Every structure is written in C-alpha cells, then in structure tokens.
Amino acid sequence: MESSKRVDMLIERLRTTERVSVTDLADETGASEMTIRRDLDVLAERGVLRRVRGGAVSLLLRGEAMPFAVREHEAAETKRRIATEVDGLLADGEAVVLDAGTTALTVARTIAGRRLTVVPLDLHAANALSGAAQIRLLVPGGRTTPGALAFTGPLAEASLAALRVDTAVLGVCGLSAEHGLTAHDLDEVPVKRAAIAAARRTVAVCDGSKFGRSGLGLVCPATALDMVITDRSAPGPAVARLRDAGVEVRLV
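Just so you know, the residues in each chain are numbered from 1, in the order the chain's sequence is written. Only residues with pLDDT of 70 or above have their local features reported here, since the model is predicted, and side-chain atom pairs are shown and tallied only from 80 upward, although totals for entire chains, interfaces and linings are computed over all residues. No hydrogens and no water enter the side-chain calculation; it runs on all heavy atoms of the structure.

### Overview of unusual backbone geometry
Right, so step 1: For L149, which is not glycine, the phi dihedral falls at a positive 55°.
Right, so step 2: Residue classification places L149 among the partly exposed positions, given a relative accessible area of 26%. When a residue's accessible area, from a 1.4 Å probe over protein chains only, is under 20% of the maximum for its type it is buried; when over 50% it is exposed; and in between it is partly exposed.

### Some thoughts on the sheet that holds strand β3 (residues 55-58)
Right, so step 1: The pairing criterion for strands is at least two bridges between them, as found by DSSP. Strands are runs of DSSP state E lasting at least two residues, helices are runs of H or I lasting at least four, and both sets are numbered from the N terminus onward. Judged by pairing direction, the sheet is antiparallel, and its 3 strands sit side by side in the order β1-β3-β2 without closing on themselves. Of all strands in the sheet, those bounded by a partner on one side alone are β1 (19-21) and β2 (49-52). Pairwise comparison of adjacent strand axes, ignoring direction, gives a mean angle of 25° for this sheet.
Right, so step 2: This element, helix α2 (residues 22-29), spans β1 and β3 of the sheet and lies at about 70° to β1. To obtain each axis, a line is fitted to C-alpha atoms, and for helices this fit is confined to the stretch in contact; angles are then taken between N-to-C directions over 0 to 180 degrees. We call two residues contacting when some pair of their heavy atoms lies within 4.5 Å.

### Examining the pattern of salt bridges
Right, so step 1: By convention in these notes, a salt bridge is any Lys or Arg side-chain nitrogen within 4 Å of a carboxyl oxygen on Asp or Glu. Tallied over the entire structure, the rule returns 14 salt bridges.
Right, so step 2: Ionic pairing is found between R80 and E77, a salt bridge with its closest N-O pair at 3.1 Å. Placement of both R80 and E77 in helix α5 (residues 76-89) is noted, with a separation of 3 residues, approximately one turn of the helix.
Right, so step 3: One salt-bridge network, in which partners are shared between bridges, spans E85, E248 and R250.

### Digging into the sheet that holds strand β9 (residues 165-171)
In any sheet, the strands associate via hydrogen bonds between backbone groups, in a parallel or an antiparallel arrangement.
Right, so step 1: Strand order in the open sheet formed by 7 strands is β6-β5-β4-β9-β12-β14-β15, with parallel pairing between adjacent strands. Each of the sheet's edge strands pairs with one partner strand only, and the pair in question is β6 (136-137) and β15 (248-251).
Right, so step 2: Sheet analysis places strand β4 (residues 95-98) next to strand β5 (residues 117-120), joined by 4 bridges and oriented parallel. Bridging across to β5, A95 finds its partner in T117.
Right, so step 3: Sitting on the sheet, α5 touches β9, β12 (199-205), β14 (227-230) and β15, and the angle it makes with β14 is about 145°.

### What to know about empty space enclosed by the protein
Right, so step 1: A 1.4 Å probe that fits but cannot get out identifies a cavity on a 1 Å grid over protein atoms alone, an open set with protein on both sides within 12 Å along at least five of seven lines counts as a pocket, and a residue lines either if it has an atom within 4 Å of a point. Grid points are joined across faces, edges and corners, and a volume is the space filled by probe spheres set on the points. For the structure shown, the criterion picks out 1 cavity of 30 Å³ or more.
Right, so step 2: Put simply, the largest cavity is a space of about 40 Å³.
Right, so step 3: Lining the largest cavity we find D99, A100, L121, A150, F151, E188, V191 and K192.

### Overview of the side chain of T106
Right, so step 1: As for its placement among the helices and strands, T106 is situated in helix α6 (residues 102-110).
Right, so step 2: The buried category is assigned to T106, whose relative accessible area is 13%.
Right, so step 3: Setting aside anything within four residues of it in sequence, one finds T106 in contact with K79, R80 and A83.

The following block contains the structure:
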C-alpha cells in the first residue's frame, strides 16, 4: 500500500476507533511494524493521536474538523484539479473572497499569478498571496482560530459587510441539498455568511467525501450557492439533488 493511502486509512480508522495497535495495522496494510510506527509518529506530530505502548490513542472527536496539518495533505491532487477549475472561472480584474481551509489554500496558490483583488479569510492564504505581484490583497482582520488561522469575529464580519465582490469561493465541511453547506467551527459561520452576502456569485469547493459529512453550524441552504466544484467521487444521487435544486455542479 502506498504511503499516502496507508496514512489516509490510518486517519479513517482513528475517526471511529479510540485505540489502534501497531500489530493490527501492519497486518491490515501489509507494511512492516517499523513503517507503521513511523506513520503513527508523523500523525502524533500533527495532533491526530497520542502514542502509547504498542499503538496509539485517537485524539479525533466525531463532528470536529481534522487538524489543519492533516487536512492539507488529504486529497491533494483533487484539490489541485478543483483549484484549476476555479482559476478558469475568474476573469482578470475580479474581486474574490477566498475562504479559509486547505482547498481554498490550494486555490490561492493556483491564482497567485493572476491580476485579481483577493480577500483571504485566513492567514495561510494571505501568506500564499503576499508576494504575488499582480494580486491586490485585502486582509479583513479579526481573531484567528488555532491551526486553521481563519479570521473570525466582528472585525472580519464588518470588513466583509463593507465590500461588494464578484465571487466568493467557500470551503466545505459538509454539503447536501437537504442540509445545505455546514461548518465545524461555529465562529466561522457568520464570516462565511458575510462573504456570501458580499458576493455576486458564490462557489463552493470540496472533494466528494464532504457529501457524506455534516458540520455543526449551518452556513447556508444549498439554494444559496450558484455553483459547486467537486470531483467525480461525489455520490451521484447527491449531485443530482443539488442540480435539481438549481445549483450548477462541475465534476473535475
């Protein structure tokens, strides 16, 4: 099993299992116990687990987001394809609100060479765009969340309320026609809503796994979205229901 697939499998196991053993994981993956120990050490550094004798104990809570350092490496190629599709949507000179999160960070890196005005909603994207010669960077301010470094609070909301932009690109924790777009962090919900209110067009970006998940906070109903860009792993019935609700869905 490839390293990235093995780590993804370990993370998925830790979502539902409190404790894992090195021996069992080695048997399941076909990797050596030494390799599994190295994988667990890496995940411990990223805040996913706590190492114990013979294995590890999960630090992941159901319904909460994965640590940013882990999410940044998940579905990396899918995020690049999604970011390329977003890049093709934007016209030179547009003003864009770019949400917090790892998919949005990939978008930021992809559009860094464009002539755009960008309002990033976290410090990761702001840093990725800070040296871009043609990007006019507007940073909204506010508090930042641990790890994700997303801007939250009344300063961020007021900054967005003072703007009118062409496109808002929103990340997704969970998405469905029935339950809308949801987020794990309740502090981020009003900021995302302010981004939607400021934008002429709202585009949600996510890989197909987000259709089977739901965050605690409702950001907006699906009908508030103009477009969803996802990959072909998205469940067909879920995609069909979004399209029936009037949302354009692009599969990359």
